[in-house]
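Analysis of the macromolecular model
Each chain, written out:
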Amino acid sequence: MPLTDLMAAVSTQVLAAADRDTTLLAASRLLACREAGADSIFQSLREREHVGSTAIGHGIAIPHGRSPTLTQPRGALLRLQQPVDFGGDEPVDLVFAMAVPEHYTHQHLMLLSELAEMFSDADVRNALRDAPDAEALQHIINHPQQVRSG
C-alpha cells in the first residue's frame with residue numbers, strides 16, 4: 001500500500017545536517033502542521049532516540065514519535081548530503097521521520113512495518129540516494145513499486 005494512502009502528508013528534503021539533532025529538528029518542521037507543533041514533535045523524536053536508536057541498517061533511520069497536534073500521521077523523508085551518526089552500526093544518510101496522533105497504537109506499528117519493508121529493497125534505497133532533488137524523492141516515495149526489484 002502506498003504511503004500516501006496511509007499518511008496525510010509525506011514531505012521530502014535534501015539536507016546538509018551536521019548531526020542527529022539537526023536532522024530531527026528539520027524533520028519536525030516538515031512534520032508539523034503548524035509552527036507551534038514543531039517543538040513538541042522534535043521533543044517526541046528526541047525522546048524516542050534516547051530510548052534506542054531508530055537506525056535500521058543500510059544507512060537508514062526511521063525516527064518516530066507522537067504528537068497531540070496531529071489528527072493523521074505525517075511523514076518526512078530527508079536525504080542527508082553527508083551521513084550522520086544515529087547511534088547505530090553505521091552512519092545514516094536516509095531518514096524517514098514519522099509523527100502520529102497520540103492515540104495511534106496499532107496504526108503506528110503498521111506504518112513502521114510498511115516503511116521497514118520499503119527500505120529493505122536495495123533498489124528503492126539506491127533510487128533515493130540517486131534522486132537529484134526533493135521532487136524526485138517524493139516521486140519514489142509515492143511510487144516505490146516502479147523501482148522495486150520484486
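Heads up: these notes are all about the structure in this document. (Residues numbered from 1 in each chain as written. Predicted model: local features only at pLDDT ≥ 70, side-chain atom pairs only at ≥ 80, totals over all residues. Heavy atoms only, no water.)

Of note, Gln13 is situated in strand β1 (residues 9-15). For Gln13, a relative accessible area of 26% gives the class partly exposed. As for Gln13 and Thr105, which are separated by 92 residues in sequence, their C-alpha atoms are 27 Å apart. Look past the residues within four positions of Gln13 in its chain and what remains in contact with it is Ala26, Leu30, Leu77, Leu78, Arg79, Ala134 and Leu137. (Helix = DSSP H or I, 4+ residues; strand = E, 2+ residues; numbered from the N terminus. Buried < 20%, exposed > 50% of the residue type's maximum accessible area, 1.4 Å probe, protein only. Contact = heavy atoms within 4.5 Å.)

As a further point, take the side chain of Arg79. With respect to the helices, strands and loops of the structure, Arg79 is situated in strand β5 (residues 74-84). Asp93 provides the closest opposite charge to the buried, unpaired Arg79, separated from it by 6.7 Å. Within polar-contact distance, the side chain of Arg79 engages the backbone oxygen of Ala131 at 2.3 Å. (Lys, Arg positive; Asp, Glu negative; His and termini not counted. Salt bridge = Lys/Arg side-chain N within 4 Å of Asp/Glu carboxyl O. Polar contact = N/O pair within 3.5 Å; in protein donor to acceptor, adjacent residues only side chain to side chain.)

Of all hydrophobic cores here, the largest spans 23 residues; its most connected members are Leu77, Phe96, Met98, Leu115, Phe119, Leu128 and Ile141. Listed by contribution, the elements that provide at least two residues to this core are β6 (92-101), α4 (106-119), α5 (122-130) and α6 (134-142). For this core, the leading source of residues is α4, giving five residues. Counting 22 residues, the second-largest nonpolar core is a separate cluster that includes Ala26, Leu31, Leu80 and Val92. (Core = buried A, V, L, I, M, F, W, Y, C linked by side-chain atoms within 4.5 Å.)

Right, let's talk about the pairing of β6 for a bit. Burial within β6 is extensive, with 10 of its 10 residues counted as buried. Looking at chain direction, strand β3 (residues 60-61) and β6 are connected through two bridges and run parallel. Among the inter-strand pairings, Ala61 is bridged to a residue of β6, identified as Val95. Strand direction decides the pairing type here: strand β4 (residues 64-67) and β6, joined by four bridges, are parallel. Paired with His64 across the bridge in β6 is Met98. Pairing of β5 with β6 involves seven bridges; the strand directions are antiparallel. By the bridge assignment for β6, Arg79 is matched with Leu94. (Pairing = 2+ DSSP bridges.)

An ideal rise of 1.5 Å per residue puts 16 Å on 12 residues; helix α2 (residues 20-31) measures up with 16 Å between its terminal C-alpha atoms. Every buried residue of α2 is listed here: Thr23, Leu24, Ala26, Ala27, Ser28 and Leu31. Its side-chain oxygen 3.3 Å from the backbone nitrogen of Asp21, Asp19 forms the N-cap of α2. (Expected span 1.5 Å × (residues − 1).)

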